[in-house]
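Structural overview
Below, each chain spelled out in residue letters.
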Amino acid sequence: MKEHGAEAFTYEVLEQKKTDDVTDMRWEVRQMLKPWLEKLQPYGDRGYNKPPKE
């Protein structure tokens, strides 16, 4: 955000999950993130995320 500025980003809801019975929100979010990172591959020129370690 500091490097590219707010205008370089868009925000949209990709997925929602009921949280009534969730005890570990961080774990739930990580589980939801994994398939999106694999699908979108936001690394290098396609994004700012670091690729997963193999």
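Here the structure is a predicted model, which is why all the values come from computation and not from measurement. (Residues numbered from 1 in each chain as written. Predicted model: local features only at pLDDT ≥ 70, side-chain atom pairs only at ≥ 80, totals over all residues. Heavy atoms only, no water.)

1. Focus: the overall build of the chain
The number of helices and strands found in the chain is 1 helix and 0 strands. For 54 residues, the compact-globule estimate of 2.2 N^0.38 gives 10 Å, and the C-alpha radius of gyration of the chain, at 14 Å, exceeds that figure by more than 25%. The principal-axis extents of the C-alpha atoms in the chain amount to approximately 35 × 30 × 20 Å. Per-residue burial for the chain yields a buried fraction of 7% across its 54 residues. When the accessible surface of the chain is totalled, it reaches about 5,700 Å², and 51% of it is carbon and sulfur. A gap of 4 Å separates the mean positions of the 10 positive and 11 negative side-chain charges of the chain. (Helix = DSSP H or I, 4+ residues; strand = E, 2+ residues; numbered from the N terminus. Rg over C-alpha atoms; globule rule 2.2 N^0.38 Å. Buried < 20%, exposed > 50% of the residue type's maximum accessible area, 1.4 Å probe, protein only. Areas by Shrake-Rupley, 256 points an atom, 1.4 Å probe, with all protein chains shown as cover. Lys, Arg positive; Asp, Glu negative; His and termini not counted. Charge placed at Lys NZ, Arg CZ, Asp CG, Glu CD.)

2. Side note on the layout of surface pockets
In this structure, the largest pocket encloses a volume near 690 Å³. L14, L33, L40, Y48 and N49 are, among the 17 residues lining the largest pocket, the residues nearest its centre. Here the lining of the largest pocket is composed, by residue class, of 11 nonpolar, 3 polar and 3 charged. (1 Å grid on protein atoms, 1.4 Å probe; cavity = no way out; pocket = protein on both sides within 12 Å on 5 of 7 lines; lining within 4 Å. Points joined across faces, edges and corners; volume = space filled by probe spheres on them. Nonpolar A, V, L, I, M, F, W, Y, C, P; charged D, E, K, R; others polar.)

3. Let's talk about unusual backbone geometry
For Q41, which is not glycine, the phi torsion reads 50° and is therefore positive. Here Q41 shows up in the segment after α1 (25–40).

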